[in-house]
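Structural overview
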Amino acid sequence: MSLVKLIDFPSLGDERGSLVALESNKDIPFDIKRVYYIFCTHQGVVRGFHAHKKLQQVAVCITGKCRMVLDNGTRKEEVWLDSASKGLLIEDMIWREMHDFSNDCVMLVLASEHYDESDYIREYSSFKNIAMSLQIGMK
Ligand code: TYD
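Residues numbered from 1 in each chain as written. Predicted model: local features only at pLDDT ≥ 70, side-chain atom pairs only at ≥ 80, totals over all residues. Heavy atoms only, no water.

**Remarks on unusual backbone geometry**
Despite not being glycine, Phe49 shows a phi value in the positive range, around 60°. Tracing the sequence through the fold places Phe49 in strand 3 (residues 47–52). Unusually for a residue other than glycine, Met93 sits at a positive phi of about 55°. Checked against the element boundaries, Met93 lands in the loop between strand 7 (86–90) and strand 8 (95–99). Looking at Met93, the relative accessible area reads 12%, which means it is buried. (Helix = DSSP H or I, 4+ residues; strand = E, 2+ residues; numbered from the N terminus. Buried < 20%, exposed > 50% of the residue type's maximum accessible area, 1.4 Å probe, protein only.)

**Some remarks on the site of the ligand**
Every residue close to the ligand is listed here: Arg34, Tyr36, Ile38, Arg47, Gly48, His50, Tyr115, Tyr120 and Arg122. Contact between the ligand and Arg34: an oxygen atom at 2.4 Å from a side-chain N or O atom of the residue. Backbone polar atom of Gly48 to an oxygen atom of the ligand: 3.1 Å apart, as the coordinates give it. Compared with its free state, where it exposes 530 Å², the ligand has 60% of that area covered by protein. Counting residues per element, the ones that place at least two in the shell around the ligand are strand 2 (34–39) and strand 3. By residue class, the composition of the shell around the ligand is four nonpolar, two polar and three charged. (Near = heavy atom within 4 Å. Polar contact = N/O pair within 3.5 Å; in protein donor to acceptor, adjacent residues only side chain to side chain. Areas by Shrake-Rupley, 256 points an atom, 1.4 Å probe, with all protein chains shown as cover. Nonpolar A, V, L, I, M, F, W, Y, C, P; charged D, E, K, R; others polar.)

**Description of the layout of surface pockets**
Approximately 360 Å³ is the volume attributed to the largest pocket. Forming the boundary of the largest pocket are 16 residues, of which Asn72, Asp92, Met93, Ile94 and Gln135 lie nearest the centre. Elements supplying a minimum of two residues to the lining of the largest pocket: strand 7 and helix 1 (124–138). Looking at the lining of the largest pocket element by element, the count peaks at four residues for helix 1. (1 Å grid on protein atoms, 1.4 Å probe; cavity = no way out; pocket = protein on both sides within 12 Å on 5 of 7 lines; lining within 4 Å. Points joined across faces, edges and corners; volume = space filled by probe spheres on them.)

Geometric values such as these leave the question of function open.
Structure representation (structure tokens):
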């Protein structure tokens, strides 16, 4: 199964311009408990480099673009987030890296849980070990 799970948001555009509305459990497949956004990212900066034990997120670049790399411990896939009407669903236990932010990039992230530092896995080797043991357990 693809690691890249894109959601097309319906655009309610008309002759005045565009509008996207996002609702919990409709356009976004969970209860939204937190919203944050990443902007004014300096040239050449990379972000992310972590996974979450139990967190669902949808990321959308509402202006500009960035390249998202996803990794489940055995496979890596990447996708450009470059549209205000295209969201990327990132589920539990996915290592994510954000590269190549454009100067104008504003990335909005909707999250299923409040901020919890203990939910982060920030070391790739720990992530890989946990991912491997979960995949073995599922077989
Ligand atoms: P971090 O998770 O390191 O950002 P990224 O993964 O994009 O590189 O977060 C940067 C800082 O912001 C860190 O000190 C934690 C804090 N933070 C919050 O307080 N609440 C949040 O919802 C998020 C995402 C981060």
